[in-house]
Amino acid sequence: MMLDVFRNQSVKNAVYGALILVVSVIFVVQYGSSNRGPRASLRQTCAAEIRGYCVSPREFQATLRLLSNLQRSPSGLKKKAGDALIERELFVTEAERLGLSTTDQEVSEQILGGFIRFSVPFSDPSITQSLLRGSSDPIIPARTAFVDPKTKRFDQKRYGDALRRIVGLSEAEFREYQTRELLASKVRDLVRTPVRVSETEALETYLRQSTTSVLSYIEVKNDFASKYLVTATQAEVDAWTKDHKDVLDKAVEEAKKQALPKAETVRHILIKADSSASQAEKDKALERISLAYARIRAGEPFGLVAAEITEDPGSKATGGAYEAKMVSGFVESFKKAYAGLKPGEMTQTAIASNFGYHLIMRDDPAQAPATEAALRKIEADKLFRAGKAESFAKSFAEKIHAELKAGKPPEDVLAAVVKPTKLQLLSVTADAPVPTAGASDAGANAATPPKTGKGDAKTMMVSPLNAPELLNSSQFNRTGDLFADDLESADAEKIRAFAFSAKPAELLPEVAKGRGGFYVVTLREHKEATREDFDKVRDSEMARLLALKQAEALALYARQLRERVKADIKTNDDF
């Protein structure tokens with residue numbers, strides 16, 4: 001009976017017509033016009049939708065894979081892939097508006113040529129410059145993956161295998177992907193083409209960027225002034241404490257989180273000096289760990305010193321503290337040193353490991369009251385000094401400035417105002433140290449480090465922590481970074497103007513202010529670029545400037561397109 005129905009021609013036509021209608025509706029919903037590609041359906045997952053165009057997860061993953069060839073680290077790649085595809089579709093829409101199109105032959109020629117074209121976020125020139133390194137569009141050459149190594153001809157099977165391996169797309173999906181990329185690139189070329197660079201402009205840019213200066217500077221840090229310059233009697237600190245009890249209480253509570261001894265806790269201070277470090281770097285690390293030891297012996301709680309100077313990121317915020325049960329997983333020298341400690345004891349040598357030098361302490365909760373009392377005294381003194389540090393730092397910087405202005409060499413000035421002190425270097429051992437009883441977190445019962453079989457501990461002269469020293473900036477141009485990023489904006493402008501108007505050895509008329517202290521600045525070196533210098537690199541400089549201007553023009557165009565249709569752009573947070 002059913003066969004008879006289908007033999008009826010009119011019924012057959014009606015059924016065929018219905019099928020064609022259904023297929024047509026599906027095609028329109030899924031793909032739209034041939035130029036617009038797949039459109040979002042109710043049940044389809046899209047990584048993003050741009051004016052109805054659905055970026056499929058496979059297309060997103062393909063772009064992600066291709067971008068990873070340009071940027072090895074995964075940082076921010078997903079966002080870059082999403083932005084790249086959004087911008088590509090905006091360029092495709094713009095191509096349709098301008099009447100641009102691609103032919104099957106163009107796409108085929110690109111594929112047969114072995115090129116894989118894709119997009120990056122052109123709206124951000126800094127990203128495109130770092131990813132493309134001078135090229136205009138990202139293209140990965142894959143011809144060797146598409147051709148037979150024997151015949152040197154395009155091989156369909158190798159091509160399909162390479163697509164799955166490189167981009168994760170089928171041949172049909174890849175062809176559509178390349179069609180859209182080629183169309184978007186035509187619009188980008190239209191934007192770039194009118195951009196021009198004159199020789200005069202290139203010369204001016206070259207002279208501005210290639211004229212450089214180097215500054216010498218001495219920084220007087222507020223931290224240095226606080227510790228070594230501010231005068232503070234106990235009576236003054238006590239008077240300040242009465243008027244600032246709430247401030248002090250808050251500071252002590254924060255310090256207790258880092259320094260108060262806890263049960264079953266180990267603390268350490270690490271100064272890095274791994275196997276690749278030079279002898280000079282190892283010597284400096286030993287000096288720093290010895291200074292830390294001296295501070296703890298002078299009464300500073302171990303946890304406070306650790307929070308300030310340790311180079312172990314895993315314990316810095318907790319004052320060098322780890323749960324004691326974790327020690328079993330630490331390096332052998334650390335385990336041996338910790339095993340030889342009683343509660344409240346600290347190693348008396350620098351414990352060497354493949355990470356550097358350690359000071360290690362076993363916490364003793366019984367010492368918590370003494371440590372808290374020490375914290376209150378230390379924090380009161382620290383806060384009082386911090387309040388006066390800036391004015392003392394400025395006066396000290398002005399004193400150095402006056403000495404330099406009088407014609408004294410910087411080295412002599414610093415030698416006169418910065419007094420080094422004696423420091424006994426710790427002996428170094430990779431074995432368990434001999435602990436000294438009572439080497440508490442509060443720094444009681446100071447003792448001389450014992451011998452370890454590696455020679456007596458040496459004494460050396462060291463400058464105070466954060467002491468002023470003569471430093472040189474890197475070479476910079478008129479728009480380049482200065483030697484510090486904490487300069488007051490007005491002072492930064494003065495220094496930049498000074499760097500390109502003064503003569504070598506000339507002194508900045510006044511000290512400059514930063515967030516952390518004051519700077520005394522001298523012009524060390526100035527190099528003026530010339531027309532003759534430009535002539536030697538004229539072609540490359542004009543090409544470089546043209547690429548930069550084209551990137552800026554394209555970025556502006558992309559941002560304007562995106563702003564115009566931002567309401568029609570939807571992103572999927574899952575991608």
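This one's a predicted model, so the numbers in the text were calculated from it and none came from an experiment.

Chemist: When you look at the nonpolar core in this model, what are you seeing that I'm missing?
Modeler: Within soluble globular proteins, side chains that are nonpolar generally end up buried alongside one another. V55, I116, F146, V167 and F174 are the most contacted members of the largest nonpolar core, which has 48 residues in total. With eight residues, helix α4 (residues 77–98) is the single largest residue contributor to this core. Among the nonpolar cores identified, the runner-up in size contains 24 residues, and I269, Y293, I309 and M346 belong to it.

Chemist: Can you walk me through the sheet that holds strand β15 (residues 517–527) in this structure?
Modeler: Sheet strands pair via backbone hydrogen bonds, and the direction of the pair is either parallel or antiparallel. Ordered in space as β13-β5-β15-β14, the four strands form an open sheet in which the pairing is antiparallel. Two strands lie at the open edges of the sheet, namely β13 (470–472) and β14 (512–514), each paired on one side alone. Between one strand axis and the next, the sheet turns by 35° as a mean value, whatever way the strands run. Sheet topology note: the β14/β15 ladder contains three bridges and is antiparallel. If you follow K513 over to β15, its bridge partner there is F518. Of the strands in this sheet, β5 (212–221), β14 and β15 are in contact with helix α17 (residues 368–405), which crosses β15 at around 35°. Packing of helix α19 (residues 489–499) onto the sheet brings it into contact with β5, β14 and β15, and relative to β15 it is tilted by some 25°.

Chemist: What's the story with the packing of helix α11 (residues 222–229) against α17 in this structure? I'm lost.
Modeler: Helix-helix packing is described using two parameters, namely the angle between the two axes and the distance between the axes. At a minimum axis separation of 7 Å, α11 and α17 run at an interaxial angle of 110°. If you check the angle between α11 and α17, you find them roughly perpendicular. Of the residues in α17, those touching α11 at N222, F224, A225, S226, K227 and L229 are K382, R385, A386, A389, E390, F392, A393 and F396. Here the contact of α11 with α17 is composed, by residue class, of eight nonpolar, two polar and four charged.

Chemist: I'm lost on the packing of helix α9 (residues 171–192) against helix α21 (residues 538–564) in this one. Help?
Modeler: Where α9 contacts α21, the axes come no closer than 9 Å and their chain directions differ by 120°. Judged by the angle between their axes, α9 and α21 are oblique. Here α9 runs over α21; the crossing is right-handed. Taken together, the residues of α21 that come into contact with α9 (itself represented by V187, R188, V191 and R192) are Q550, A553, L554 and Y557. In the contact of α9 with α21, the residues fall into five nonpolar, one polar and two charged.

Criteria and cut-off values
Residues numbered from 1 in each chain as written. Predicted model: local features only at pLDDT ≥ 70, side-chain atom pairs only at ≥ 80, totals over all residues. Heavy atoms only, no water. Core = buried A, V, L, I, M, F, W, Y, C linked by side-chain atoms within 4.5 Å. Buried < 20%, exposed > 50% of the residue type's maximum accessible area, 1.4 Å probe, protein only. Helix = DSSP H or I, 4+ residues; strand = E, 2+ residues; numbered from the N terminus. Pairing = 2+ DSSP bridges. Axes fitted to C-alpha atoms, helices over the stretch in contact; angles between N-to-C directions. Contact = heavy atoms within 4.5 Å. Parallel < 35°, antiparallel > 145°, perpendicular 65-115°, else oblique. Nonpolar A, V, L, I, M, F, W, Y, C, P; charged D, E, K, R; others polar. Left-handed = near helix turned anticlockwise from the far one by under 90°.

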